[in-house]
Amino acid sequence: MTIAPDRLSPMANAIRALSMDAIQAANSGHPGMPMGMADVATVLWSEYLKFDPSAPDWADRDRFVLSAGHGSMLIYALLNLSGYAQPTMDDIRNFRQLGSPCAGHPENFLLPGVECTTGPLGQGLAMAVGMAMAERHLNAVFGDDLVDHRTWVIAGDGCLMEGINHEAIGLAGHLQLGRMIVLWDDNNITIDGGTNLSTSEDIKARYSATGWHVESCDGHDPADIRRALDAALADPRPSLVACKTVIGKGAPNKQGTSATHGSPLGDEEIAAARKELGWAAAPFEIPADVAADWKATGERGKAARSDWEARLAADDDKRSAFEDHMAGVGNRASVALEDYIADLAKEPKKVATRKASEMALGPLTENLPQLIGGSADLTGSNNTKTKATTPFTPQDYAGRYVYYGIREFGMAAAMNGMALHGGVAPYGGTFLIFSDYCRNAIRLSALQQANVVYVLTHDSIGLGEDGPTHQPVEQVMSMRLIPNLNVFRPCDTIETAECWALALEAPKTPSVLALSRQNLPQLRGEGDESWSAASNRSAKGAYRMKAADAARKVVLVATGSEVALAMDVAATLEAQGVGADVVSMPCMELFAGQDEGYRADLLPADTLKVSIEAGSTLGWERYVGNDGLTIGLDRFGASAPAEDLFVKFGFTADAIVPQILSKLKA
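This structure is a prediction, so every number in the text was calculated from the model and none was measured.

Draft legend 1. The arrangement of the overall build of the chain in detail. Looking only at helices and strands, the chain features 26 helices and 20 strands. Overall, the chain is about 90 × 55 × 45 Å in size when its C-alpha atoms are taken along their principal axes. Within the chain, the fraction of its 666 residues that count as buried is 61%. For the chain, contacts bridging at least 24 residues in sequence account for 78% of all contacts bridging at least 6. Split by element, the accessible area of the chain, about 24000 Å² in all, is 49% carbon and sulfur. Positive and negative charge centroids in the chain, built from 57 and 83 side chains respectively, lie 1 Å apart.

Draft legend 2. Structural detail: the packing of helix H15 (residues 353–367) against helix H20 (residues 493–504). Between H15 and H20, the least distance of the axes is 9 Å, while the angle of their chain directions is 55°. On the basis of their axis angle, the class for H15 and H20 is oblique. Like other packed secondary-structure pairs, H15 and H20 cross with a definite hand, here right-handed. Counted together, Thr 353, Ala 356, Ser 357, Ala 360, Leu 361 and Leu 364 of H15 and Thr 493, Thr 496, Ala 497, Trp 500 and Leu 504 of H20 form the full contact between these two elements. Here the residues of the contact of H15 with H20 sort into seven nonpolar, four polar and no charged.

Draft legend 3. Local environment of the side chain of Asp 157. Along the chain, Asp 157 falls in helix H7 (residues 157–161). Of the buried charged residues, Asp 157 lacks a salt bridge, with Lys 244 as the closest side chain of opposite charge at 7.4 Å. Within the local environment of Asp 157, its side chain forms a polar contact with the side chain of Trp 184, the two groups lying 3.2 Å apart. Residues contacting Asp 157, with those up to four places away along its chain left out, are Trp 184, Asp 185, Asp 186, Asn 187, Asn 188, Ile 189, Thr 190 and Thr 195.

Draft legend 4. Region of the structure containing the sheet that holds strand S19 (residues 608–612). One open sheet accounts for five strands, arranged S16-S18-S17-S19-S20; its pairing is mixed. At either margin of the open sheet sits one strand with a lone partner, and together these are strand S16 (543–546) and strand S20 (629–631). The mean inter-strand angle of the sheet, taken between neighbouring strand axes irrespective of direction, is 30°. As paired strands, strand S17 (residues 552–558) and strand S18 (residues 579–584) are joined by six bridges and run parallel to one another. Bridge pairing in S18 links Leu 556 to Val 582. Helix H21 (residues 562–575) rests against S16, S17, S18 and S19 of the sheet, and its axis sits at about 170° to S18.

Draft legend 5. Highlighting the nonpolar core. Grouped together as the largest cluster of nonpolar side chains are 63 residues, with contacts concentrated most on Leu 125, Val 129, Met 133, Leu 160, Met 180 and Tyr 404. With residues up to four places along the chain from it excluded, the contact list for Met 133 reads Leu 171, Leu 175, Leu 177, Phe 392, Val 402, Tyr 404, Ala 414 and Met 418. Ranked by size, the runner-up nonpolar core spans 58 residues in total, among them Ala 38, Tyr 76, Phe 95 and Val 114.

Draft legend 6. Just a negative patch on the surface, in detail. Where like charges cluster on the molecular surface, the negative patch consists of Glu 465, Asp 466, Glu 643 and Asp 644. Along the chain, Glu 465 turns up in the loop between strand S12 (453–457) and helix H19 (475–479). Of the residues examined, Glu 465 reaches a relative accessible area of 44% and is grouped as partly exposed.

Draft legend 7. Up close: the layout of surface pockets. A volume near 940 Å³ is recorded for the largest pocket. In terms of lining, the largest pocket is formed by 33 residues, of which the most central are Ala 419, Leu 420, His 421, Gly 422 and Pro 507. Element by element, the count of residues in the lining of the largest pocket is highest for helix H17 (residues 408–421), at three residues. By residue class, the composition of the lining of the largest pocket is 16 nonpolar, 11 polar and six charged. Space inside the second largest pocket adds up to approximately 350 Å³.

Draft legend 8. The state of the cysteines, seen in detail. Within the structure shown, the criterion is met by zero disulfides. You can see Cys 438 has no disulfide; the closest cysteine sulfur is in Cys 116, sitting 17 Å from it. A relative accessible area of 0% means that Cys 438 is categorised as buried.

Draft legend 9. Spotlight on the environment of Glu 358. Tracing the chain through its elements places Glu 358 in helix H15. Sequence separation between Glu 358 and Asn 382 is 24 residues; the distance between their C-alpha atoms is 8.3 Å. A polar contact of 2.6 Å, which involves the side chain of Glu 358, links it to the side chain of Lys 355.

Draft legend 10. Quick look at the pairing of S19. Of all five residues in S19, five are buried, a share of seventy percent or more. Sheet analysis places S17 next to S19, joined by five bridges and oriented parallel. Bridging across to S19, Ala 558 finds its partner in Ile 612. Sheet topology note: the S19/S20 ladder contains three bridges and is parallel.

Draft legend 11. Highlighting a nonpolar patch on the surface. On the surface, Phe 109, Leu 110 and Leu 447 cluster together into a nonpolar patch covering about 210 Å² of accessible area. Classification of Leu 110 by relative accessible area gives partly exposed; the value is 31%.

Draft legend 12. Seen up close, the environment of Lys 609. Position of Lys 609 among the secondary structure elements: in strand S19. Not counting residues within four places of it along the chain, the set of residues in contact with Lys 609 comprises Val 555, Leu 603, Pro 604, Tyr 623, Val 624, Gly 628 and Leu 629. Within polar-contact distance, the side chain of Lys 609 engages the backbone oxygen of Pro 604 at 2.9 Å.

Draft legend 13. Structural detail: the packing of helix H1 (residues 5–26) against helix H11 (residues 267–277). Contact geometry of H1 with H11 gives a least axis separation of 11 Å together with a crossing angle of 170°. Relative to H11, the element H1 is oriented roughly antiparallel. Residue-level inspection shows Asn 13, Arg 16, Met 20, Asp 21 and Gln 24 of H1 in contact with H11, the latter providing Asp 267, Ile 270, Ala 273, Arg 274 and Leu 277. Of the residues contributing to the contact of H1 with H11, the split by class is four nonpolar, two polar and four charged.

Draft legend 14. Structural context of the pattern of salt bridges. What the rule picks out here adds up to 31 salt bridges. Note that Arg 332 and Asp 324 form a salt bridge whose closest N and O atoms lie 3.0 Å from each other. In this structure Arg 332 comes out as partly exposed when scored by relative accessible area, which is 29%.

Draft legend 15. Region of interest: the packing of aromatic side chains. Applying the stated criterion across every chain, the model contains 18 aromatic pairs. Between the aromatic rings of Phe 434 and Tyr 437, the centroid separation amounts to 5.6 Å while the plane-to-plane angle is 15°, which identifies the pairing as stacked. The class for Phe 434 is buried, based on a relative accessible area of 17%. With 5.5 Å between their ring centres and 55° between their planes, Phe 591 and Tyr 623 make a pair best called tilted. Of this pair, Phe 591 sits in helix H22 (residues 588–592) while Tyr 623 sits in helix H24 (residues 621–624), and the two are 32 residues apart along the sequence. Per residue, the accessibility class of Phe 591 equals that of Tyr 623, and both read buried.

The rules behind these values
- Residues numbered from 1 in each chain as written.
- Predicted model: local features only at pLDDT ≥ 70, side-chain atom pairs only at ≥ 80, totals over all residues.
- Heavy atoms only, no water.
- Helix = DSSP H or I, 4+ residues; strand = E, 2+ residues; numbered from the N terminus.
- Buried < 20%, exposed > 50% of the residue type's maximum accessible area, 1.4 Å probe, protein only.
- Contact = heavy atoms within 4.5 Å.
- Areas by Shrake-Rupley, 256 points an atom, 1.4 Å probe, with all protein chains shown as cover.
- Lys, Arg positive; Asp, Glu negative; His and termini not counted.
- Charge placed at Lys NZ, Arg CZ, Asp CG, Glu CD.
- Axes fitted to C-alpha atoms, helices over the stretch in contact; angles between N-to-C directions.
- Parallel < 35°, antiparallel > 145°, perpendicular 65-115°, else oblique.
- Left-handed = near helix turned anticlockwise from the far one by under 90°.
- Nonpolar A, V, L, I, M, F, W, Y, C, P; charged D, E, K, R; others polar.
- Salt bridge = Lys/Arg side-chain N within 4 Å of Asp/Glu carboxyl O.
- Polar contact = N/O pair within 3.5 Å; in protein donor to acceptor, adjacent residues only side chain to side chain.
- Pairing = 2+ DSSP bridges.
- Core = buried A, V, L, I, M, F, W, Y, C linked by side-chain atoms within 4.5 Å.
- Patch = residues over 30% accessible without salt bridge, like charges linked within 9 Å, V, L, I, M, F, W, Y side chains within 5 Å.
- 1 Å grid on protein atoms, 1.4 Å probe; cavity = no way out; pocket = protein on both sides within 12 Å on 5 of 7 lines; lining within 4 Å.
- Points joined across faces, edges and corners; volume = space filled by probe spheres on them.
- Disulfide = S-S within 2.5 Å.
- Phe/Tyr/Trp six-rings, centres within 6.5 Å; stacked < 30°, edge-to-face > 60°.

Everything listed here is a matter of coordinates, which is why it stays silent on function.
Next up, the structure:
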C-alpha cells in the first residue's frame, strides 16, 4: 500500500509535533533524531513493516529496533499513532516522568511494541542481529508458513561508530542474514558537532567489506526511500540503507545542527517549527484525518496475522509443536537432568566444572530444542558444544551452535536479541576474564529480563600458566553487583547440573556460570540417587554441605573450587576438636532471597564465619560479618602451575587453619 505524498507529509509531521512537544514538556530529551527520521519511519511503518497493534506479541511480526534509543519519542509516537493500546497520549504527555512507560530510552518491559531496551549505542543493532538469527533458525525448523519476518533497525552515527558495530555487522555478514535491514540516520551530526570532528571513515565501504548490501537515499523523499527499501528487500544480503537526513528537520533555526540533538527546542523554536511544517494543531492533539491515516497503518497487519493464524490452525501437530517450542523451556531442564544426576550419584566424576557443564549440556541439548549454544572462539576451552548441536551456518540455519569468532560483546548482544525474539534459549561461552568485554550487554540482559546463560570458564588463578592477564580476581564479585543476574559458581558435577537447571528455568533472569579449568572432586552424591527439581539443593543459593561433628565453633562458607578446600579445612579443624560446618554457596543472589530463618540457621550468630573464595574478598563481610575471616585474593595473580599458585596465595588447609585458630583464641 503506497500512501499519497499529500497524506504522508502530515503523518510524518505528527511524529515531529509529538516529539518536540513531549520533550519540551519534560524539559529533557532528544528531538533531533525523531524529527530527522520521521519521513523514513512513516514510509517504513505504513508501507513495509508487518505488525498488528492488537497483537503486539504475534510470533511472526516484523521486529523493529530503535537502536538510536535516545530518540525514543520516535517509537512512542509510532506506537501511539498506529493504534497500540500503549502508550496513551497521557503517557506521552508525561514523557520521562516517574510512572510513565515513556522512559528516557525505550524499555521492553514497559511497553509492548518495544522489542528491546536501547540507549547504549550500538547494542540495539547488535541485538537485532540476534533477532535475525532467531528468525532464520525458526524458519529452518518450522518453514515459511509459520516463520517469515524481517528485522528492521533505525541506527544513528553513534551506533555505527561504537566498537560493537564492527563485531555485529561482521557476524551478520558472515551468516548472510538477508532479512535484516538497517536504516542509518545519516545526518553528519553528533553531540559535539559535525561528524568530521571525530571520524573520516567510509562507513558504506566498511559495510560492503563485511558482506552487506548498501543503498543510499534522500531521507526526506518518500519515493526515494521506497526505492532504497525495495532494493534492500530484493537483495539476499543484510542491507544498510544510508538515509541522508537533516537532524531536527522542520525546526527552521536549529535544524542541521547539534543544538537539536539532546535538548528541547524551546517555545520560540517550536512555534517557528509549527509554522514551517504547517502544523496548526495544539500540543498533543492530532487532526482527525491524520489520526485516521495512522490508524489505517495498524489495520493493514491484521489481515496478515489472520492469514498466519489460519495456516497455524490448519495442522494440529505442527501447531502444537510450534506453540510448545515458543513457550520456552519451562521446568523441563530439571526433568532432562534427572537420570544424568542419578548416574553421577552412583558413579562420581572428578572433572573441571567446565567439563561438568559440557556433560550436563548433553541431556539438556538433546531434550530441549530451544537451546542454541556458542562460544567466542573458545569452544574447546569453554566446552559448550555437544553432539546434539550442529553448526548454525548460512547453509544450515537449523543448526544450534554458533561460532561467534572473537566477538565477546557482539555474542552477548546477539544472545540478548535471540532471547527477546522468543523461541530460542541462548547460551554462550568465553573466559571469565573477558566478561569485561561484554559486561554492558550482560547488564542489559538483566535489565531487559532476558534469559541468557553466560558460560564463563577459567574462573580463578586455577587456570594457571596464562598468568594475571587471564586470571580473574574481581570479576565474580563484580558480576554479583548487577541486579537481576544470578551468578553461579558450582563446586562439582552435581552442583553444576543443578545450576544449569536453575539458570534455564528462570525466564526473566539471566545467569552466569563461573566454571573452573582445573579438575575438582565430586563432593555430592549421597541422597542424590533419585534427584528431582524438588531436591535441588542449589536452589536456595547456599546449603550445608557438611555439619560439624564436634561442637560447632566455625562455619566455612565457600564457592566453586574452594568448597573442596573448605572440606579439607573442616577435617583438619575437627581433628583438633573444633567443630566446623561447611556451607556451599553456589549463588549469593538466590541465598539473599531466602527467609531470615533459613539464612540464620546456615550462618548462626554464635560462630566464627569464614569465607573462602579465590577472588576479591570485598562483599563477603555481608555474610561473615566484620569479625569474621575473609580468605581470598585482593591482588593480581601470577604465571605458574595452578597448584603452585594456590600454595603461594594461601589456599591450603595448612595456611587457613592457623588463621582460624588464632581468630578463635582472640
